[in-house]
Amino acid sequence: MKSLLVLLVALLLFAGFASADAELDAAFPQSSIVISASTNACYRFDIYLALNDEQRMRGLMHVRNMDDWRGMLFVYGRDAVHSMWMKNTFIPLDMLFVRADGTISSIAKFTEPQSLKSIGSSEPVRYVLELNAGISDKLGIDAGDRLFWAGDVTPLQD
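To keep things clear, this report deals only with the structure shown in the data block.

Conventions and cut-offs
Residues numbered from 1 in each chain as written. Predicted model: local features only at pLDDT ≥ 70, side-chain atom pairs only at ≥ 80, totals over all residues. Heavy atoms only, no water. Helix = DSSP H or I, 4+ residues; strand = E, 2+ residues; numbered from the N terminus. Buried < 20%, exposed > 50% of the residue type's maximum accessible area, 1.4 Å probe, protein only. Lys, Arg positive; Asp, Glu negative; His and termini not counted. Salt bridge = Lys/Arg side-chain N within 4 Å of Asp/Glu carboxyl O. Polar contact = N/O pair within 3.5 Å; in protein donor to acceptor, adjacent residues only side chain to side chain. Pairing = 2+ DSSP bridges. Axes fitted to C-alpha atoms, helices over the stretch in contact; angles between N-to-C directions. Core = buried A, V, L, I, M, F, W, Y, C linked by side-chain atoms within 4.5 Å. Contact = heavy atoms within 4.5 Å.

## Brief notes about the side chain of Asp94
Right, on to step 1. Note on placement: Asp94 falls in strand S5 (residues 93-98).
Right, on to step 2. For the buried residue Asp94, which engages in no salt bridge, the nearest side chain bearing the opposite charge is Lys109, 6.6 Å off.
Right, on to step 3. Within the structure, Asp94 has its side chain in polar contact with the backbone nitrogen of Phe110 (distance 3.0 Å).

## Some points on the sheet that holds strand S6 (residues 104-108)
Right, on to step 1. Taken together, 7 strands build an open sheet; the order of strands is S6-S5-S8-S3-S2-S1-S9 and the sheet is mixed. In this open sheet, the two strands that pair with only one neighbour each are S6 and strand S9 (146-149). On average, each strand axis in the sheet is inclined to that of its neighbour by 35°, with strand direction left out of account.
Right, on to step 2. Two elements, S5 and S6, share 4 bridges in a ladder whose sense is antiparallel. Bridged to Met95 within S6 is Ala108.

## Thoughts on the nonpolar core
Right, on to step 1. Core analysis: the largest hydrophobic core is formed by 21 residues, its most contacted members being Ile35, Phe45, Leu96, Leu129 and Ile141.
Right, on to step 2. Mapped onto this core, the elements with two or more residues apiece are strand S1 (30-36), strand S2 (42-50), strand S3 (70-80), S5, S6, strand S8 (125-132) and helix H3 (135-139).
Right, on to step 3. If one sorts the elements of this core by residue count, S2 sits on top with 4 residues.
Right, on to step 4. Discounting residues that sit within four places of it in the chain, Leu96 has contacts with Ile35, Ile104, Ser106, Ile107, Tyr127, Val128, Leu129, Leu131 and Ile141.
Right, on to step 5. If you look at the next biggest cluster of nonpolar residues, it comprises 20 residues, including Tyr48, Leu60, Met84 and Phe97.

## Focus: the pairing of S2
Right, on to step 1. Pairing geometry for S1 and S2, over 7 bridges, is antiparallel. Across the sheet, Ile35 pairs through a bridge with Tyr43, a residue of S2.
Right, on to step 2. Between the antiparallel neighbours S1 and S2 lie 5 residues, among them Asn40 with a positive phi of about 65°.
Right, on to step 3. Taken together, the 5 bridges between S2 and S3 define a ladder with parallel strand orientation. Paired with Leu49 across the two strands is Leu73, which belongs to S3.

## A short note on the environment of Gly140
Right, on to step 1. Of note, Gly140 is situated in the loop between H3 and S9.
Right, on to step 2. By relative accessible area, Gly140 is classed as partly exposed at 24%.
Right, on to step 3. Expressed as a C-alpha distance, the spacing of Gly140 and Ala37, which sit 103 residues apart in the sequence, is 6.7 Å.
Right, on to step 4. Residues within four places of Gly140 in sequence aside, it is in contact with Ala37, Ser38, Thr39 and Asp145.

As structure tokens, then:
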């Protein structure tokens, strides 16, 4: 009986993770990017694309777990000083603020889950890439490094 209960709890937990991924899969288009780090290494991430206001407002809210090689790229139609917050975001993130040419302007590391504090870019940027907290330190990704994609990330006009 106890093993049946453990199995049931495990299945419910797995179903929760699967439905979160399925919900993101349904709400956001997907793509891949490569980050070329100054350590002479390249890293590939599968990303969700937040292309419009509705998707950018939703972001990674309510996500409780994300694979290390996953992220979300917020795409804006023009360069601006963009700000993010962590309302209803349950996992700590690294936020990479990225210029239109793909170079990383700055990184806000280990952002505080569920915080209403505004986290902004230090200069006008076109993109914000959210990855799990600590990934940028673990992989040696820093300001000045560059993102590359296959051309399927097309900014929309605001």
